[in-house]
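Fold and geometry: a report
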Amino acid sequence: MPNNTIPNHLVNEKSPYLLQHAYNPVDWYPWCDEAFRKAREEDKPIFMSIGYSTCHWCHVMAHESFEDHQVAEILNKDFISIKVDKEERPDIDSIYMSVCQAFTGSGGWPTSIFMTAEQKPFFAGTYFPKESNYGMIGFIDLLHTILENWKVNRQQLINSSEEIVKRLNASARGKGKPDSQLIEQAVGLFERSFDKNYGGFGRAPKFPTPHNLLFLMNYYQLTENRTAMTMVEKTLIQMYKGGIFDHIGYGFSRYSTDDYFLVPHFEKMLYDNALLMMSYTRAFDLTEKTIYKEIAAKTADYILREMTSEEGGFYCAQDADSEGIEGKYYVFEHDETVKLLGKTVGKAFNEFYGITKEGNFEGKNILNRLNNPELDDRFNEYIPQLYQYRKSRMQLHLDDKILTSWNSLMIAAFAMMFHVFNEPKYLEAAKTADNFITKNLMENNTLFVSFREGARSSKGFLDDYAFYIFALIQLYEATLDNSYLHRAVNICHKTLKDFHDKETGGFYLYGRENQQLIIIPKETYDGAIPSGNSVMAYNLVKLANITKDTIFTEEAKNQLEFMSSPAKEYPAGYSFFLMALSMYLNPAEDIVCVLKDKSDLDKLKGKTGLNTNVRILEKPTDEYKLINEKTTFYVCKNHSCLPPTNNILEVLQ
């Protein structure tokens, strides 16, 4: 809500997060040359706040401080203030999150940074209340302290900022040996941190981190280690039964605030749901248990209904807050459902979904099935009624930016679902979103970060390229359409050209076409989302396996060596990279299909395993000939090759 009649410098931005602050009394600037020039000319320190539009604590600090005229007066008089959307500028976010972690030992959003006009930080933190309390410094007192030090101890602050920049820039690592010990160590770490009672790993807050589950499923497929699959299945079912899954509108929230997956942090992120769709699809692929297919389908329904634009791109996120209260949109009172469904059905519904008069969240109820052993959908016919009723009560804020990186993950998820379930609507969703990217977020193989209201933002970062290549590979494997493979190859070559560090290995977060900042990060750790370097390891190994291109083979080896060094510190934090390492050490079967008739391709689509390397030749070569003048299949696995055959059933067996 506007709380100032005069807009600040954010008013012409496209980011929903920046626009939320366009009418603050704080004279915000976006990240731009004008802000830094003004700070130099007026000899002022810079206060920078980084967040995103669906962030609960960003809203809290905004309401307490940035909408407050007393705070605004101090900031406007003595500081230059900059607002950054972390989703539009992951490069800025990555650098200053590292700074925050260096100062405080932890990080989060909102990220609060004080720095010089040369972009060098000298103090950092996250959320600050307006007034000091309970041993926590308030934002007003902090501003006075910073200002006093700026006047009296400026050289000390500058020395401190230069030391931090120097330390963070000196983080280059050597290479390590890519061996299976890293994989075994990671599995051991997951076993030790696994919560046998409630699923998940470690204590609250519990994040889904679906790439950890994908890694464990990959390990199970190779080793038939039942413990790995038990951890996965317990976690997948517990998350679904808990309140982290929205039993009315479907889709998953960002994380659980408790050990049970009952009380979520209510915002829903596109990337979480994409990775979870992949996880449940993979679980069905391995177990053929229909419950996993149903959960993946429900999550897909949510994305197609609420998170998809008319042109087919996928939106970023839905907010945790409604009318200023976290979770208000999602919770129900006991009598609400009874009144809506009638006494008999309402009472049974409440028992099934754990709805009580006392409530399980601030006197109200988060629907869940944690104490219900049944996995059926006996009340499915009533869900649309409850969904429409819930929507009529209030609206959720939607961050309708369309991000290339997160869209790519969702394209990959839909492609994988089509591959496994063979339902055309999933392929249609993946292809339409891919068309959206090529039309709005790409120009001559150069990707852009985001699109909103007819405009795209800055040139893409490593995650945009890595995740998009991953999406194209998944589309290729689902359709066996060579055009997707050719595009993946071309964009991979561009990524190697623009982002690759040829001297010490790995890929920089931003490339030669991006704005150059004070630090050039290489992100390797798989946090809530896999790192661009992990995904590039996967892409390079996969493209090497499919195309047999010696460039990809060599670069895959180099990337695995680069990633093996940081992974030794805590292998369980590099699960997506470990999937790439596993593919490298344990190659899946190779199928080369030489087509006599293109229609023969339909017999192969969706029939191969998710990890199988399939190459389609539209005409014979000296190495791969047609046998009996029919479509011919060449199959190699376990370091040996079978005789060529025309019988597709032999191949699939």
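Along each chain, residue indices are assigned from 1 in the same order as the chain's sequence is written. Where local features are concerned, this predicted model is filtered to residues with pLDDT of at least 70; where side-chain atom pairs are given and counted, the filter is 80 or more; whole-chain, interface and lining totals use all residues. The basis for every side-chain value is the complete set of heavy atoms in the structure, and neither hydrogens nor water enter the calculation.

Describing an aromatic ring pair means giving the distance of the ring centres and the angle of the ring planes. Under the pairing criterion, centres of Phe, Tyr and Trp rings, with the six-membered ring standing for Trp, must be within 6.5 Å; the plane angle then separates stacked pairs below 30 degrees from edge-to-face pairs above 60, leaving the rest tilted. The final tally for this structure, using the stated rule, is 44 aromatic pairs. Site record: aromatic cluster; members linked through ring pairs are Trp28, Phe47, Phe66, Phe79, Phe103, Phe114, Phe123 and Phe139. The criterion for a charge sitting over a ring is simple: Lys NZ or Arg CZ within 6 Å of the ring centre, and within 35 degrees of the ring normal. Its end group placed over the ring of Phe448, Arg456 keeps NZ or CZ at 3.9 Å from the ring centre.

What follows is about the pairing of strand 2 (residues 46-51). In regular strands, side chains alternate between the two faces of the sheet. Burial runs high along strand 2: six of the six residues are buried. Whether a residue is buried, partly exposed or exposed follows from its accessible area with a 1.4 Å probe, protein chains only, as a fraction of its type maximum: under 20%, in between, or over 50%, in that order. Only DSSP runs of H or I with at least four residues qualify as helices, and only runs of E with at least two residues qualify as strands; both kinds are numbered from the N terminus onward. Burial along strand 2 is two-sided: the residues Ile46, Met48 and Ile50 and Phe47, Ser49 and Gly51 are all buried. For two strands to be treated as a pair, DSSP must find no fewer than two bridges joining them. Pairing between strand 2 and strand 4 (residues 111-115): five bridges, direction antiparallel. Looking across to strand 4, one finds that Phe47 is bridged to Phe114.

Further remarks concern the state of the cysteines. Cysteine pairs can be linked by a disulfide, which is a covalent bond between their two sulfur atoms. Count a disulfide wherever a pair of cysteine sulfur atoms falls within 2.5 Å. The tally for this structure, following the rule as stated, stands at two disulfides. Linked covalently through their sulfurs, Cys55 and Cys58 form a disulfide whose S-S length is 2.4 Å. An S-S torsion of about 80 degrees defines the bridge between Cys55 and Cys58 as right-handed. Cys55 gets classed as buried once you look at its relative accessible area, which sits at 3%. Take Cys58: its relative accessible area is 2%, and that puts it in the buried class. Covalently, Cys636 is tied to Cys641 through a disulfide, its sulfur atoms 2.1 Å apart. Looking along the S-S bond of the Cys636-Cys641 disulfide, the torsion reads about 100 degrees, which is the right-handed sense. The exposure class of Cys636 is partly exposed, given its relative accessible area of 23%. Using a relative accessible area of 56% as the deciding quantity, one classes Cys641 as exposed. When the bonded cysteines of the protein chain are counted from the start of the sequence, the pairing works out to 1-2, 3-4. There is no disulfide at Cys100, and the cysteine sulfur nearest it, in Cys58, is 12 Å away. Judged by relative accessible area, which is 0%, Cys100 ranks as buried.

To summarise the sheet geometry, strands pair through backbone hydrogen bonds and adopt either a parallel or an antiparallel arrangement. Read from one edge of the open sheet, three strands run 8-9-12, paired in antiparallel fashion. Looking along the sheet, the strands with just one partner apiece sit at the ends: strand 8 (268-269) and strand 12 (398-399). Taken together, the two bridges between strand 8 and strand 9 (residues 317-318) define a ladder with antiparallel strand orientation. Among the inter-strand pairings, Met269 is bridged to a residue of strand 9, identified as Ala317.

Attention now moves to helix 16 (residues 404-421). In this analysis, the expected span of each helix is defined as 1.5 Å times one less than the number of residues it contains. In a regular helix each residue adds 1.5 Å, so 18 residues correspond to 26 Å; helix 16 covers 25 Å between its end C-alpha atoms and thus fits that length. A positive phi of about 60 degrees marks Asn422, the residue just after helix 16.

Among the secondary structure elements, Asp259 is positioned in the loop between strand 6 (255-256) and strand 7 (264-265). For Asp259, a relative accessible area of 12% gives the class buried. A C-alpha to C-alpha distance of 43 Å links Asp259 and Lys439, two positions 180 residues apart in sequence. Residues within four places of Asp259 in sequence aside, it is in contact with Asp195, Tyr198, Arg203, Ala204 and Lys206. Contact between two residues is taken to exist if any of their heavy atoms lie within 4.5 Å; hydrogens are not considered.

The subject of this paragraph is unusual backbone geometry. Following Trp109, the chain continues to Pro110 via a peptide bond in cis, the omega torsion being 5 degrees. In this structure, Pro110 sits in the loop between helix 5 (90-104) and strand 4. Omega for the bond connecting Ala204 with Pro205 falls within 30 degrees of zero, at -5 degrees, which places this linkage in the cis form. Here Pro205 lies in the loop between helix 8 (181-193) and helix 9 (210-223). If you check the backbone angles, Thr209 has positive phi at about 30 degrees while not being a glycine. Owing to a relative accessible area of 17%, Thr209 belongs among the buried residues under this scheme. In this structure, Glu453 is a non-glycine residue whose phi angle is positive, near 50 degrees.

What follows covers the side chain of His21. Here His21 lies in the loop between helix 1 (16-20) and strand 1 (28-30). Looking at His21, the relative accessible area reads 3%, which means it is buried. Apart from residues no more than four positions distant in its own chain, His21 is found in contact with Asn8, Leu10, Trp28, Ala62, Phe66 and Lys83.

Another aspect to go through is the packing of helix 20 (residues 532-547) against helix 22 (residues 575-585). In this analysis, axes come from line fits to C-alpha atoms, helices being fitted only over the stretch in contact, and the angle between any two N-to-C directions falls in the range 0 to 180 degrees. Relative to each other, helix 20 and helix 22 sit at 20 degrees, their axes nearing to 7 Å. Classified by the angle between their axes, helix 20 and helix 22 sit roughly parallel to one another. Between helix 20 and helix 22 lies a crossing whose hand is left-handed. Of the residues in helix 22, those in contact with Ser534, Val535, Ala537, Tyr538, Val541, Lys542 and Asn545 of helix 20 are Phe576, Phe577, Ala580, Met583 and Tyr584. These descriptions rest on fixed angle ranges, namely under 35 degrees for roughly parallel, over 145 for roughly antiparallel, 65 to 115 for roughly perpendicular, and the rest for oblique. What makes a crossing left-handed is the near helix being turned counterclockwise from the far one by less than a right angle; a clockwise turn instead makes it right-handed.

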